[in-house]
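# Breakdown of the fold
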Amino acid sequence: MVFATPEAAVADDAPPAQWARNLNLPFADPEWTYRYDTGARYLRDNGYEPYLLTSFTRGEAHSQFHQLVANHGHVLGIGPGAHSFWWHGTSYTRAHRWDNVREFRRYTDLLLQRQLPVNTRTTVDLDTLGEEFLLFQLSTSAGVNLRRLETQYGVDVLTERLEALARLEAGGLIEPIRNQNLRLTLLGRTHWTEVTDALLA
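The following refers to the structure shown. (Residues numbered from 1 in each chain as written. Predicted model: local features only at pLDDT ≥ 70, side-chain atom pairs only at ≥ 80, totals over all residues. Heavy atoms only, no water.)

Moving on to the nonpolar core. Most often, soluble globular proteins have nonpolar side chains that are buried together. Leu-138, Val-144, Leu-149, Leu-182 and Leu-199 are the most contacted members of the largest nonpolar core, which has 28 residues in total. Those elements that place two or more of their residues in this core are β3 (83-87), α5 (126-138), α6 (146-153), α8 (162-170) and α10 (192-200). Aside from chain neighbours lying at most four places away, what touches Val-144 is Phe-133, Leu-134, Gln-137, Leu-138, Leu-149, Gln-180, Asn-181 and Leu-182. Core analysis: the next-biggest nonpolar cluster, separate from the first, contains six residues, Trp-32, Ala-40, Leu-43 and Leu-186 among them. (Core = buried A, V, L, I, M, F, W, Y, C linked by side-chain atoms within 4.5 Å. Buried < 20%, exposed > 50% of the residue type's maximum accessible area, 1.4 Å probe, protein only. Helix = DSSP H or I, 4+ residues; strand = E, 2+ residues; numbered from the N terminus. Contact = heavy atoms within 4.5 Å.)

Structure, rendered in structure tokens:
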């Protein structure tokens, strides 16, 4: 179950970090925030739990694709306009991201010519990947594993953003950090931009 809103739309070709950071949910609008909060509380009272910023489910019926993306797993997109992500080698210091051409005829023509139907291809550095991981994981109900963030991506949030974390916790936007895990509160979900700006400033 997903809260859908036209304002949440972001360009399909936007890099994931840009998509996550600029997620344009209208939380600044008190009426929208009230509706989100009311809907979220109703769903939770009826057995649904949030597993992404605007997605709720019962039990463990989470989207495997969303979990794969949030964990920077390998994704091979097949079909026109599909996006792919692949780590380079085994060092896990950079990754490749590409998207296929969108036009069906062009896509099939390239395949018939035994050419890759790739539209754009980029190499993503570890700093960008660390920012993505923080943003993606923060949007999940499990939250961010800060130990993994530091070990795999070299981002030490507890040291570099200690004051920001204290402010966010005092404001009720994040839960107290336990076992190196950073999680949003329900209120924090309605202050997504404020939280991400504080952590990525």
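Inspection of the secondary structure puts His-96 in strand β4 (residues 94-100). A polar atom in the side chain of His-96 sits 3.1 Å from the side chain of His-88. Within the structure, the side chain of His-96 is placed 3.3 Å from the side chain of Thr-123, a separation counted as a polar contact. His-96 has contacts with Ser-84, Phe-85, Trp-86, His-88, Thr-122 and Thr-123, leaving out every residue within four places of it along the chain. (Polar contact = N/O pair within 3.5 Å; in protein donor to acceptor, adjacent residues only side chain to side chain.)

So, about unusual backbone geometry. One non-glycine residue, Asn-179, lies in the positive phi region at around 55°. Topologically, Asn-179 is positioned in the loop between α8 and β7 (181-182). Overall, the relative accessible area of 76% leaves Asn-179 in the exposed class.

Interpretation in functional terms is not warranted from these geometric data alone.
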